[in-house]
Structure formats: C-alpha cells, structure tokens
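The residues making up each chain are set out below.
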2 protein chains.
Amino acid sequence: MIFVQPIAEITVGTSVLAQPFFSFLNHPLLATANETGAEQSSLILAGVLVSLVVIYIASKVGGELCARINLPPVLGELVGGAVVGVSALHLLIFPESGSQAADSLIVKFLETTAGLTPESAASVFSAQSETISLLAELGVIILLFEIGLESDLKELIRVGPQAAVVAVVGVVAPFAAGTAGLIYLFNISAVPAIFAGAALTATSIGITAKVLAEIGRLSSTEGQIIIGAAVLDDVLGIIVLAVVASLAKTGEIEITNIIYLIISAAVFLVGAILIGRFLSPYFVGLVNEMKTRGQLLLTALIFAFILSYIASAIHLEAILGAFAAGLVLAETDKSRELEEQILPVADIFVPIFFVCVGAKTDLSVLNPAVPSNREGLIIAAFLIVTAIVGKVITGFTLWQPGINKLAVGVGMIPRGEVGLVFAGVGSASGALSESTEAAIIMMVISTTFIAPPLLRLVFKDKPDSADEIQLDSATSQDSSSN
Amino acid sequence: MIFVQPIAEITVGTSVLAQPFFSFLNHPLLATANETGAEQSSLILAGVLVSLVVIYIASKVGGELCARINLPPVLGELVGGAVVGVSALHLLIFPESGSQAADSLIVKFLETTAGLTPESAASVFSAQSETISLLAELGVIILLFEIGLESDLKELIRVGPQAAVVAVVGVVAPFAAGTAGLIYLFNISAVPAIFAGAALTATSIGITAKVLAEIGRLSSTEGQIIIGAAVLDDVLGIIVLAVVASLAKTGEIEITNIIYLIISAAVFLVGAILIGRFLSPYFVGLVNEMKTRGQLLLTALIFAFILSYIASAIHLEAILGAFAAGLVLAETDKSRELEEQILPVADIFVPIFFVCVGAKTDLSVLNPAVPSNREGLIIAAFLIVTAIVGKVITGFTLWQPGINKLAVGVGMIPRGEVGLVFAGVGSASGALSESTEAAIIMMVISTTFIAPPLLRLVFKDKPDSADEIQLDSATSQDSSSN
C-alpha cells in the first residue's frame, strides 16, 4: 500500500485535489509511481464515499422500517447491513472474510463510473475496506464513550454488586451448560465443546446499550445493571478466552497470564476512574480557558482516545477505555454540553459499526441445503436455547426489590462480535469442526437479532420511571415519558 | 493489506474486540494469517487512535496559541502540524513522502507500548497513514460542505460576475508574470517556466474559507466574492493543469480535453445546483417523515457524498461536490438545524486536514545550507512576490463601490495543496529542476502561512457589517458584532 511518490516530502493534500484528472489525460510522463499513488488515493476516497453512502442509506432505510413496525432501529441497521453485505447485495464486503475485489459491486461501480482499472482494483478494494472497518471501530468507540457519558457512576457503583453477580452467573451458567451439553448430548470431545461453551459467555455491550438508549432505559436501574454487567462480562470474556486458548495450547491453564489479565483489568478500570476523577477539574478548567472552536469536544476525545489506547495496549479492549472516559466526564459540569456535541458525531460514526456488523455476517450458514449446516442447525438449536436461558436466569439472581428481572436477563442476551472471536480462534486452531463453527455463528446471529425486539418487549411490561433520560426521543414513541 | 482469515465469511467486528490479547498469549496455534490479520487490525486501530490524539493536541495547542496572539487559529493548526510532522518531531509522517515506518515516532511508541513487532511495523504504518490521510480528505469535504451551508447562493450569483473576473485575472496574471519572469529574468526554458507559472494560479479554497469563517466574514460581500472566485479558480486550476500537462506531452494543447473539462465543470456546477434546488423540497419532506436519530444529518451527508463522488468521477474535485451540496441545502428551511449539527462533526474532522497539511509540508526546503535550496531561494523570492502581487491586484478589478478590494485580493493569496500538485507533476515528468521545484514549494509554504494573518489584518481596516454570521464567535474577539 506504499505508493512511492518521487516528489519526496511534499504532497500536501494532493490526493484530495485534481488527481482524478490524471487518469483522464493518461499522460505517459505521468504514468509513474507518482501517478499510480495519486490516482489510487483519489479512487480510494471515491470508494470510501460510495461505501459511506451505501452504509447510511442501509442504516436509515433499515432503521426507519424497524421504527415503523415498532422494533428497535438498531435491528434495522443490522438487517440493512446484512442486505448490502456478503449475504445478499455484495455492495459492502471485506477482504478478511475471503471476498475479492471482483466480488464487490462498489468496485464494479468504480470501474464503470470512475475509471478504476482492474489492475488497481485489488489495492483500492483492500484500502477502502480497511478504512471503512476502521471507521466502524471508531464508531463503536464513540458509542461506548456516549454510553459512558449517559451512565451514572454513582448508580453503577450502587448496583455494582448486583451487576457483578449477573456478570459472573451469565458467564458461568451458559459456559457450564453449553460445554456439558455438547459433551454429553452430542458426544463432542472436550476441547471443541469448551470452545463452543466459551463462545456463549460474552454479552455484546454495543447492541444492548444501543437498544437501551433507543428505548430510553439506559439510566434506569435495570439499564445500569445491564451496562455494568456487560462491561464486567467483557472483561470476563477476555479472561475466558485466555483460559480456553491456554488450555488448547498446553492442556493446562497458565495461571500467571490469567492473574495478569485480572489484575490489569481491575487496575485499569479502577485507576482510570480514580485518576480521571482527580483530573476532571483540570479538564474543566482547561476547556474554560480555551478560546477556539471545538475546545470541549476535542479535549474530551483526546482523553477518550488516550484511555482507549491504554486499554488496547494492555490487552483489554479499546471500547472499555472509551466507556471509562465517558463515565469520568459524565461527572463534570460539562457533561450536558458534551452529550449534545457528541450526538451528531455518534450519528455519523455509530451506524457504520452496526451496518458493518450486519454486512460481515454471512447468513448462508443458515441455509439448510448445505450438509454441515444441517448438522450445525441441531447443535445451533441447543446453543441458542442455552445462550438465551443461561443469560435470562441471571436476572433472577438480583435481590433488589422492584426490579424488572426479566429485562436484565434479556438485556444480557446478544452475543454479537465476541462470540465470533471464539469461533474464529477455535476454527483457526483446528479445534472446531465446520458444523460446530456454523452452530456458533448461528447462535451469535440469533441472539444478536432476537435481543433488540425482545428487550423492547420486556421493558414494555413495566411502567416507565420518571427520571429516565431520552437519549433517542424520536424513536421511543412507545416508552415515552415525553 | 489483505489479511486472509481462514474463519471465512464472519469476523464481525472481531478486530475491535479481544484481539490484542492474541499477541500476549503468543499461542502457536493462533500464529496463522488469522492472528496476524486480527492483531494487525488492532494495532492499526491503536496507531490511528494515537495519531488522532497527536493531531488534536497539535491543533488545539497551535490554535490556542495563535488565538492568544491574535492570529487565525487555522495558522496554528498548520504550524502545529509542521511541528509534529516530517519537518520536526516525526510523529505524524506519511509513506507517500518517502518516510519509512522506522522514521515514525508513533510506530516506535506502538513497538514500545503495544507489542508491535518490527516485521509488521511497515504494514501497520502504511495502513494507519492511509486511514489518517483519508480522514483528512473527509475533513476537507466536510469543511467545504459547511462553507457551502454558510454561503448564500443568491449573494454568490449576485457577485458572480465580479468573482469570475477575480478568478480569471487571478489565474492569468500570476501565470503570465511568473512564466515570463522565469524565462526572461532567470533564463529558465519554456516548459519548466510554464509549470512554475501554472503552480502560481490556483487558490487554496480550504485555508481562505476557514480564515473567513474564523473572523466571521464568510457571508460578507467580500467573503462571498472570495469563495465564489476560489471555487471558479479551482476549476480553472484543473483546466490549466490539463493545458500544461498536454503541452508537456505533445507540445500541443489538446483542445478536446480542455473543452470536455470546461463543459463538464459548468454542467456539474449548474446542474448540481438546479437539480438540487428541484429536489430539496423532497429532501425536507423526507427528513420530516423520518423518525430515527440522525435523520437530517445523515440524509444531508448522503446527498453531499453523492455529489462529491460525481465531481470526483468526472475528474473535478470531490470538494466541489460537497460545496455544491452545502449551497443547495442552505436554501432549505433545515439549514440552521443542519449548520448546528454539522458543527461538532466539522470540529473533529477539519483539524485532521489542516494538521496533515502542516505535517506533510517539509520545511527543510527552506534550509539555505543545501545548495539547491540557495538557488531555489532566489527563484522563490520572485515566485512569492509574483504570487502575492498577482492575486492582490485581482481585488482592484472589482467595480462594486464600498468593497474592501485589498481584502478580496489578499483572500486569494494562499495556494496550499494545489500548487504542490503542479510541483509534483512537474517533478515526476522531469520538467522541473530541483531548485525550481524547491522554489515552488517555498512559494506555497509562504503564501499558505502568510495569508491567514494578512487576511485578518486587512479585514480589520474596515468596520464590521452587522449582518455577518459568526461561524466561530469564540475566536473573533477582534472582529466581533457580538
């Protein structure tokens, strides 16, 4: 991807400007590495623009349709993504799933309309896909930052013990039941059974949090328990992956690694919040001193990106850092203003994440015409039931009276991306058979797509509390308070 | 950059989650292409996060310092970029300028703190740089969309004839004077002289528009003349490049290409505005029908990105499409709301563009210790004078009374990225000597960095009109109206 440009040192924004023109002239003097780099860079931009148009149209069409039939818009974004993605239209596909440039309708479109040559199609395709994937990752970071901002640290600490129980039960129950069931009911050997069991553990915080925000329940007690449990669950998921991978590697559990992970996660989360609270008066002071545009938003994002980087560098997840940053800044008196400013930013970044999740999901594993899928379907049915029941029971461990226990359990159902990491690792290590892998993917698809409407349904049962925040008032016609 | 992942079809967001962990375990079973892809993807995200932190810190430190000494903040962003870029700290450097991964301090930082291996440093570096370059390009697209939204189509049409004269004189005068001077004063042969003369023609619309917005003069008559002229100037610049490149190729001017360019530019600008105005009631109706979050912003961006893509596909520039989209939407009754929502988005995207422009500018061409720079310095002095005088006189072609003619001329001074395209094309074609190329770069640096403070200075001379819009009220302490 390195386009050597003989100009050396200075091409200041040239990629933005006047470059498509080169392709038009086809000047032989210009047909150097320089031209290739410049022209490609312009075509990559064109590809990214078309991809964003496709993503935004998919997210809005899907979201609006879901809102009209009273389903959470995020489900529509996932389905919209699946429609434009690898399962159907092949507009938004990614090289890491084995797709080639020639499979991409956007690449074909660029070849027809923007003069993309078949020779440079592969590199334009991979660069454009990489950029969109990165924008999606920034999208989920910004989503978790926003969720952190909307959360209430005191409430989270208050419900902490209950969230911890929900998280631990929600990891142990599906893991134990899933592994045991696969071994005893399906005669699958221990290592693949443990991998599949482990894939049942981690809740997808992004999908749950987005639905909670959409129905205006994020700051309810149930919402905060779910968020707290999902964050802990994420950490536990990383630890379970460490245990499982270590088991597959040496047949033993490397205790030191596990201890290292537990300590670093605890130190990071507690440390980020303590140091953040200590620093937050300086943050407010600094922002008040600043005179240029964007002072609050950029200073907040600098803080969020630094914590995201640290979380990622110590082998946690970037989104945990973004969440911690949001949580700390929610305590400052700039939080309202920041929430308002982050809203349009989240509006343009977050749909990229959800549409990409949908686009990357290959629904062909659901096709019963493929033999391994048929075998997988039976295992999948078992995994799906275990996945749902294993999380729903967690709500009933809660001891605080007056809580919608079912809602907490349902909120923990979606597995999303994390389960797929397990499927990927298991498949790469050769531990998982094709049918077990397909079953895990079916489990992830089902829990991810079922959870949003279920969550809306169970929250309907209980009248609204008055103090909840309408993060998304436009879509919460049925949960109201406005 | 294609990371083949054996999981096939489904890695839904895995790159975001739990991946850094793989590097920590160093599991031999995982040491496949899958691991490499997943781990790299996580490291690329880490690199992008660190780069964004560096960019935002550079933009805010530079911007705040400039605001305090009463200079336009955008100058601070350019200087901040130069400080973190290839000229000084080597934090933010780009492969297309010949930099290697080993030169990048961010890559070193990732190696030290996030477990980046020297083997994957090159690909992480190029992917991260490519993403940042693309975010910068999206930044200037969003800037021009915002400028379009802030502009007034009726006023632009009213001042159109004057803007056209300013644009034409501003292209012809520096081109003729520069080429003639280089041939007769410096005995440079015709082709390089024409290239250098052509590099003097095109105004950088981004820098001028940003400064006008910062001092609250965008919607003044002078501001609209400058914007209108800069847009036409951009189109003329593309045509001049076509003429020059065609001249260098065949010794003749390919009339058909030139005519094609002129017609497509005219059809695009007029067509986009006419069709856009025809469609805008449907746009408003559609947005009013929508119920999900971000409906206005995303629908507007879909429109802007489509026009940007078309402009880029017909060999104009993407930014012209974004400007046209902003101009059309400014006419709708959603324009205020849209302006408010685009503000935070511009706040996080636009600084990436200006800091990258600064970071990519190699100030070492200004070092007189290098022989070719010494020769270049004399030619540069001539080019700088020609560049400034050639644009300043354009203001005095204006016939409308009561206009700050000097301000219009000064507003056309910055050359920015466009001049460097000429230097790059000339250098790649072998037409330019090293010293002439260095002189062009010095001219671009000087006009880009001189214009913002000059523009603020000349606008100070005249009292404010009451009806101007404060796009950036925080930084306009001295131009006020608030």
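All values derive from a computational prediction rather than experimental measurement.

Calculation notes
- Within every chain, residues take consecutive numbers counted from 1 along the sequence as written.
- Here chains are named by letter from A upward and ligands by number from 1 upward, in the order in which they appear as written.
- It should be noted that, the model being predicted, local features are given only for residues of pLDDT at least 70 and side-chain atom pairs only at 80 or more, the latter also being counted only at that level, while totals for whole chains, interfaces and linings use all residues.
- With hydrogens and water stripped out, all remaining heavy atoms of the structure feed into the side-chain values.
- Runs of E in the DSSP output that reach at least two residues are strands. Runs of H or I that reach at least four are helices, and both are numbered from the N terminus.
- Only protein chains enter the accessibility calculation, which uses a 1.4 Å probe. A residue is then buried if its area is under 20% of the maximum for its type, exposed if over 50%, and partly exposed in between.
- Throughout, a residue-residue contact means that at least one pair of heavy atoms, one from each residue, lies within 4.5 Å.
- For the accessible areas, the method is Shrake-Rupley and the probe is 1.4 Å, while residue cover comes only from the protein chains on display.
- The start and end points of each domain follow an automatic or database-based domain assignment.
- The term buried area means the drop in 1.4 Å probe accessible area that two parts suffer when joined, counted for both and summed.
- Each reported salt bridge corresponds to a side-chain nitrogen of Lys or Arg within 4 Å of a carboxyl oxygen of Asp or Glu.
- Classes in brief: Ala, Val, Leu, Ile, Met, Phe, Trp, Tyr, Cys and Pro nonpolar; Asp, Glu, Lys and Arg charged; the others, Gly included, polar.
- Only the stretch in contact is used when a helix axis is fitted, and all axes are lines through C-alpha atoms; the angle between N-to-C directions ranges over 0 to 180 degrees.
- Geometric relationships in this document are graded by angle, where less than 35 degrees denotes roughly parallel, more than 145 denotes roughly antiparallel, 65 to 115 denotes roughly perpendicular, and other angles denote oblique.
- In this scheme the crossing of two helices becomes right-handed for a clockwise turn of the near helix relative to the far one and left-handed for an anticlockwise turn of less than a right angle.
- The criterion for a disulfide is a pair of cysteine sulfur atoms lying within 2.5 Å.
- The predictor reports its confidence for every residue as pLDDT, a score running from 0 up to 100.
- Ring geometry is summarised as follows: Phe, Tyr and Trp rings, the Trp one being its six-membered ring, pair when their centres sit within 6.5 Å, and such pairs are stacked at plane angles under 30 degrees, edge-to-face over 60 and tilted between the two.
- Counted charges follow a simple rule, with Lys and Arg positive, Asp and Glu negative, and His plus the chain ends left uncounted.
- Distance and chemistry together define a polar contact, namely a pair of N or O atoms within 3.5 Å, with one atom able to donate a hydrogen and the other to accept it when in protein, and with adjacent residues in sequence counting only for side-chain atoms on both sides.
- Patch membership requires more than 30% relative accessible area and the absence of a salt bridge. Residues of like charge join within 9 Å; the nonpolar side chains Val, Leu, Ile, Met, Phe, Trp and Tyr join within 5 Å.
- To estimate the expected span of a helix, subtract one from its residue number and multiply by 1.5 Å.

### Considering the overall build of chain A
Phase 1 of the analysis: A count of helices and strands for chain A gives 18 helices and 0 strands.
Phase 2 of the analysis: Here chain A holds 482 residues, and the buried ones make up 67% of them.
Phase 3 of the analysis: The contacts of chain A with a sequence gap of at least 6 include a subset with a gap of at least 24, amounting to 76%.
Phase 4 of the analysis: Carbon and sulfur atoms make up 68% of the accessible area of chain A, which totals about 15100 Å².

### Observations regarding the domain arrangement of chain A
All names here are of chain A.
Phase 1 of the analysis: We note that the domain assignment places domain 1 (14-134) and domain 2 (137-472) within chain A.
Phase 2 of the analysis: Between domain 1 and domain 2, the contact holds 26 residues from the first and 25 residues from the second.
Phase 3 of the analysis: For the domain 1 and domain 2 pair, buried surface summed over both sides reaches about 2300 Å², with 70% attributable to carbon and sulfur atoms.
Phase 4 of the analysis: On inspection of domain 1 and its partner domain 2, the count reaches 0 salt bridges.
Phase 5 of the analysis: At the level of elements, α2 (33-68), α3 (73-84) and α5 (118-150) are the ones that each hand at least two residues to the side of domain 1 that touches domain 2.
Phase 6 of the analysis: Considering each element in turn, the side of domain 1 that touches domain 2 owes the most residues, 9 residues, to α3.
Phase 7 of the analysis: Split into classes, the residues belonging to the side of domain 1 that touches domain 2 amount to 18 nonpolar, 6 polar and 2 charged.

### Looking at the environment of Leu75 of chain A
Residue and element names in this part refer to chain A.
Phase 1 of the analysis: Along the polypeptide, Leu75 turns up in helix α3.
Phase 2 of the analysis: Owing to a relative accessible area of 8%, Leu75 belongs among the buried residues under this scheme.
Phase 3 of the analysis: Measuring from C-alpha to C-alpha, the distance between Leu75 and Lys210 comes to 9.9 Å, with 135 residues separating the pair along the chain.
Phase 4 of the analysis: Once residues within four sequence positions are removed from consideration, Leu75 is found in contact with Cys66, Phe449, Pro452 and Pro453.

### Brief notes about the packing of helix α12 (residues 295-313) of chain B against helix α13 (residues 318-330) of chain B
Residues and elements named next belong to chain B.
Phase 1 of the analysis: One way to put it is that α12 packs onto α13 with a least axis distance of 7 Å and a crossing angle of 140°. Taken as axis vectors, α12 and α13 run oblique relative to one another. The element α12 and its partner α13 pack so that their crossing is right-handed. Residue-level inspection shows Ala300, Phe303, Ala304, Leu307, Ser308, Ala311 and Ser312 of α12 in contact with α13, the latter providing Ala318, Gly321, Ala322, Ala324, Ala325, Val328 and Leu329.

### Describing the packing of helix α5 (residues 118-150) of chain B against helix α9 (residues 205-214) of chain B
Residue and element names in this part refer to chain B.
Phase 1 of the analysis: Their axes nearest at 10 Å, the elements α5 and α9 cross at an angle of 50°. Classified by the interaxial angle, the pair formed by α5 and α9 is oblique. Crossing angle aside, the handedness with which α5 passes α9 is left-handed. Of the residues in α9, those touching α5 at Leu143, Leu144 and Ile147 are Ile205, Gly206, Ala209 and Lys210.
Phase 2 of the analysis: Class assignment of the residues belonging to the contact of α5 with α9 gives a composition of 5 nonpolar, 1 polar and 1 charged.

### Details of the state of the cysteines
Phase 1 of the analysis: The full count for this structure, using the stated rule, is 0 disulfides over all chains.
Phase 2 of the analysis: Among the cysteines around Cys356 of chain A, which has no disulfide bond, Cys66 of chain A carries the closest sulfur, lying 18 Å off.

### Some words on the pattern of salt bridges
Phase 1 of the analysis: Counting across every chain of the model gives 16 salt bridges over all chains.
Phase 2 of the analysis: Between Glu146 of chain A and Arg293 of chain B there is a salt bridge, with the nearest N and O atoms lying 2.9 Å from each other. Here Glu146 of chain A is found in helix α5, whereas its partner Arg293 of chain B is found in the loop between α11 (255-289) and α12 on a different chain.
Phase 3 of the analysis: Ionic contacts of the salt-bridge type, sharing partners, join the residues Glu146 and Asp347 of chain A together with Arg293 of chain B into one network.

### Section: the confidence of the model for chain A
Residues and elements named next belong to chain A.
Phase 1 of the analysis: Model confidence for chain A is summarised by a mean pLDDT of 79, while 84% of its residues fall at 70 or above.
Phase 2 of the analysis: Helix α1 (residues 20-25) is the least confidently modelled element of chain A, averaging 34 in pLDDT, while helix α12 (residues 295-313) averages 93, the highest of any element.
Phase 3 of the analysis: Counted against residues more than four places away or in other chains, residues 1-36, with its pLDDT under 50, gives 112 contacts.
Phase 4 of the analysis: Among the scores for the predicted complex, ipTM is 0.83 and pTM is 0.83.

### Considering the packing of aromatic side chains
All names here are of chain B.
Phase 1 of the analysis: Under the counting rule described, the total for this entry stands at 11 aromatic pairs over all chains.
Phase 2 of the analysis: Judged by centre distance (6.1 Å) and plane angle (55°), the ring pair of Phe278 and Tyr282 falls under tilted. With a gap of 4 residues between them, Phe278 and Tyr282 both fall in helix α11, about one helical turn apart. Pair check on accessibility: Phe278 and Tyr282 agree, each one exposed.
Phase 3 of the analysis: Taking 5.1 Å as the distance between ring centres and 70° as the angle between the ring planes, the aromatic pair formed by Phe353 and Phe354 counts as edge-to-face.

### Notes on the side chain of Arg415 of chain B
All names here are of chain B.
Phase 1 of the analysis: Mapped onto the secondary structure, Arg415 falls in the loop between α16 (405-411) and α17 (416-428).
Phase 2 of the analysis: One buried charged residue, Arg415, remains without a salt bridge, the closest side chain of opposite sign being Asp233 at 7.0 Å.
Phase 3 of the analysis: Within the local environment of Arg415, its side chain forms a polar contact with the backbone oxygen of Ala387, the two atoms lying 3.0 Å apart.
Phase 4 of the analysis: A polar side-chain atom of Arg415 sits 2.4 Å from the main-chain carbonyl oxygen of Ile413.
Phase 5 of the analysis: Those residues in contact with Arg415, other than ones at most four positions away along the chain, are Pro174, Leu200, Thr201, Ala202, Thr203, Ser204, Ala387, Lys391, Met443, Val444, Thr447 and Thr448.

### Quick look at a nonpolar patch on the surface
Phase 1 of the analysis: Together, Val270, Leu274, Ile275, Phe278, Leu279 and Tyr282 of chain A make up an exposed nonpolar region whose accessible area comes to about 670 Å².
Phase 2 of the analysis: Its relative accessible area of 52% is what places Ile275 of chain A among the exposed residues.

### Some words on α12 of chain A
Because the α-helix completes a turn every 3.6 residues, residues three or four places apart line up on one side.
Residues and elements named next belong to chain A.
Phase 1 of the analysis: If you check α12, its first and last C-alpha atoms are 27 Å apart, about what 19 residues at 1.5 Å a residue would give, namely 27 Å.
Phase 2 of the analysis: Where burial is concerned, most of α12 is hidden: 16 out of the 19 residues are buried.
Phase 3 of the analysis: Positive phi shows up at His315, right after α12, with a value of about 75°.

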